[in-house]
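A look at the structure
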Amino acid sequence: MTQTADSKSLAKVADGVSSLSYLPKEKSSLLASTCWDGSVRLHDTSADIPAVMVHQMDSGPLLSLATPESTSTIATGGLDGSIRLLDIASTTSRLIGRHVASDPKTTGAACSCLQSMGGENESLLVSASWSKKLVLWDIRSPSSVFETELPGKAFAMDVDQSHQRVVVATSGRRNCFLDIRRGKADLVLDRESSLKFQTRCVKFFPEGTGIALGSVEGRVGIEFLDELGIAAPMKRYAFKCHRVNDTVYPVNCITFHPRFRSSFVTGGCDGALFIWDGMNKKKLTTISSFPTSISSLAFNWDGTELAVASSYTFEEGDRDHPQDEILVRKVLDSECQPKRK
């Protein structure tokens, strides 16, 4: 099934969009975004005038974003290594902490990944950086809770809230799994990725039984967690995607549907979106291309809406490109529902 990109524009931005996340309140239509211009934006996707707030976080370019469940706040990770918390009601921000580079003249401390743990650890944030560090932060405290070394630079990260587990994809094609249940990050599994090129994004399956990985080589890998005693429903596999003739594009982002829990969307540097059924190994829907790279994606609470960052990710270097833009698209069940065999 092929669909046109019938989307509503929320904002055009001057610099790259790095992250999107709906606020976790029930039935929320509030969407947060971070940009390389150092700003946080809040949009109401249901409103005729969607702009709610724009706030500069004083962190330089923003690379990562988290929306804690316990408070009406937005957490950001900056190129300068800082983690800051923005209170939505008062539009004031404060420093939670920061990653520190071994060489202060470099950007090696950049907070490339940031997530809220949610669940039993709803006040905890987990961050990972280019300085090969993973840190736990309590948003109620001015200092870190726990810190550990990673085998390489952190490129992508996700959280399985139900099992209080974190996966970090690092340089050197390593996938690290950490258990957060005791309030610290215990490394329980460190293994090589099944994909042969650098990982660009990683997401847990909603039940936490496995992960979906996207690589710079236009390929998605589906892996399971047999080593952790979790029964695998099938063998791991990989498939090609986001390729146009002989041109191969990176897979920048993956997000799972909140109701059809084996279905996920991929966005790539070709500006295309594809919806897949990960358990039945089928492509469900192709959504016609957006003007430039897809840098981030997010489903709303019930999967009827998909937020899209159409934002050039410099895979072809510095060149003229369409203006970066945040859009939202209605999603039909028929586009995402797995097909019976």
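Anything mentioned here points back to the structure above.
Remember, predicted model here, so these are calculated numbers, not experimental data. (Residues numbered from 1 in each chain as written. Predicted model: local features only at pLDDT ≥ 70, side-chain atom pairs only at ≥ 80, totals over all residues. Heavy atoms only, no water.)

The next point concerns the nonpolar core. Side chains of a nonpolar character, in soluble globular proteins, are inclined to be buried together. In this structure, Val126, Leu134, Met157, Val166, Val168 and Ile180 are the most contacted members of the largest nonpolar core, which totals 17 residues. When contributions to this core are tallied by element, the ones reaching two or more residues are strand E11 (113–118), strand E12 (121–128), strand E13 (133–138), strand E15 (154–160), strand E16 (165–170) and strand E17 (174–179). Non-local contacts of Leu134, meaning those with residues more than four positions away in its chain, are made with Val126, Ser127, Ala128, Phe146, Glu147, Thr148, Leu150, Met157, Val166, Val168, Leu178 and Ala185. (Core = buried A, V, L, I, M, F, W, Y, C linked by side-chain atoms within 4.5 Å. Buried < 20%, exposed > 50% of the residue type's maximum accessible area, 1.4 Å probe, protein only. Helix = DSSP H or I, 4+ residues; strand = E, 2+ residues; numbered from the N terminus. Contact = heavy atoms within 4.5 Å.)

Taken in spatial order, the four strands make up an open sheet running E15-E16-E17-E18, and their pairing is antiparallel. This sheet does not close on itself; its edge strands, each paired only once, are E15 and strand E18 (186–192). Averaged over all pairs of adjacent strands, the angle between strand axes in this sheet comes to 20°, irrespective of strand direction. The pairing of E15 with E16 spans six bridges and is antiparallel. Within E16, the position partnered with Met157 by the bridge is Val168. (Pairing = 2+ DSSP bridges. Axes fitted to C-alpha atoms, helices over the stretch in contact; angles between N-to-C directions.)

This part covers the sheet that holds strand E19 (residues 199–204). With antiparallel pairing, four strands are arranged side by side in an open sheet as E19-E20-E21-E22. Whereas interior strands pair on both sides, the edge strands pair on one side only; in this sheet they are E19 and strand E22 (237–240). Each neighbouring strand pair of the sheet contributes to a mean axis angle of 15°, computed without reference to strand direction. Pairing analysis gives five bridges linking E19 to strand E20 (residues 210–215), with the strands arranged antiparallel. Across the sheet, Lys203 pairs through a bridge with Ala212, a residue of E20.

Moving on, we come to the side chain of Thr34. Here Thr34 is to be found in strand E4 (residues 30–35). Residue class for Thr34 comes out buried when judged on its relative accessible area of 0%. Separated by 2.8 Å, the side chains of Thr34 and Ser18 make a polar contact. Ignoring sequence-local partners within four residues, the contact set of Thr34 consists of Gly16, Val17, Ser18, Ser19, Ser39, Val40, Leu62, Ser64, Leu65 and Thr76. (Polar contact = N/O pair within 3.5 Å; in protein donor to acceptor, adjacent residues only side chain to side chain.)

Locating Cys201 in the fold gives a position in strand E19. Its relative accessible area of 7% is what places Cys201 among the buried residues. With 53 residues separating them in the primary sequence, Cys201 and Ile254 have C-alpha atoms 6.7 Å apart. Not counting residues within four places of it along the chain, the set of residues in contact with Cys201 comprises Ala156, Ala212, Leu213, Gly214, Val251, Asn252, Cys253 and Ile254.

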